[in-house]
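Here are the chains, one letter per residue:
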Amino acid sequence: DDGVVGAVTAVISDFGFDAADSGAYPVDASDPKSGDPIYHASLGGGALLWAGPYPLAAGTLPFGATAPLRVAAAGVADPSTGIDLSCGLTLSYSKPGGPATASKEGSCPPRGATVSVYSRRAD
């Protein structure tokens, strides 16, 4: 009983936060000095850059250096600033990843993170 549950077949990883907690929404979307940098693409703003690395790292960890066969993405852009407010990615792999040591289902709250790991039964 070493806690191993088998080869990982799917990982659902979410991370959410309220950008309004970071700073002010720009009064003038064309002025990078107006509002917080998170709302300006020219300053590296947007959900994918600010929050995307965390669930992406957690989701790819069981698959090691294996490149996904397919990547699909969808998102919602702010109509005033053009930055991505939210995004979703699906990475498809040809084989299951390594063994998982924990599994907990959940859904991402507006602020917080969840990682759900699905696996085959350990042999």
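For the structure, see preceding data.
So, here is what we can say about the structure in this document. (Residues numbered from 1 in each chain as written. Predicted model: local features only at pLDDT ≥ 70, side-chain atom pairs only at ≥ 80, totals over all residues. Heavy atoms only, no water.)

Concerning the side chain of histidine 40
What counts here: In this description a helix means any DSSP run of H or I spanning at least four residues, a strand means any run of E spanning at least two, and both kinds are numbered starting from the N terminus. In the analysis that follows, any N or O atom pair within 3.5 Å is treated as a polar contact, provided that within protein one partner can donate a hydrogen and the other can accept it, and provided that, for residues neighboring in sequence, both atoms belong to side chains. Note on contacts: a residue pair is in contact if any heavy atoms of the two residues lie within 4.5 Å.
For histidine 40, the location among the structural elements is in the loop between strand 1 (8–16) and helix 1 (47–51). At 3.5 Å, the side chain of histidine 40 forms a polar contact with the backbone oxygen of aspartate 31. Contact partners of histidine 40, with chain neighbours within four places excluded, come to Pro26, Asp28, Ala29, Asp31, Pro32, Ser34, Gly45 and Ile83.

Focus: the side chain of aspartate 36
Tracing the sequence through the fold places aspartate 36 in the loop between strand 1 and helix 1. If near-sequence neighbours (up to four positions away) are discounted, aspartate 36 is found in contact with Ser22, Gly23, Ala24 and Trp50.

Comments concerning the packing of aromatic side chains
Cut-off, in case you're wondering: Centres within 6.5 Å make a pair out of two Phe, Tyr or Trp rings, where for Trp the six-membered ring is used; the pair is then stacked when the planes are under 30 degrees apart, edge-to-face when over 60, and tilted otherwise. Burial classification: accessible surface area is computed with a 1.4 Å probe over protein chains only, and a residue below 20% of its type maximum counts as buried, one above 50% as exposed, and the rest as partly exposed.
On inspection of all chains with the given rule, the structure shows 4 aromatic pairs. When the ring of phenylalanine 15 is compared with that of phenylalanine 17, the centres are 6.1 Å apart and the planes differ by 45°; the resulting orientation is tilted. Phenylalanine 15 gets classed as partly exposed once you look at its relative accessible area, which sits at 33%. Under the relative-accessibility criterion, phenylalanine 17 is labelled partly exposed at 32%. Taking the centre distance of 4.1 Å and the plane angle of 5° together, the rings of phenylalanine 63 and tyrosine 93 count as stacked. Placement of phenylalanine 63 in the loop between helix 2 (53–60) and strand 2 (70–77) and of tyrosine 93 in the loop between strand 3 (84–92) and strand 4 (112–119) is noted, with a sequence separation of 30 residues between them. Across the pair, exposure class does not vary: phenylalanine 63 and tyrosine 93 are buried alike. Through successive ring pairs, a cluster of aromatic residues spans Phe15, Phe17 and Tyr54.

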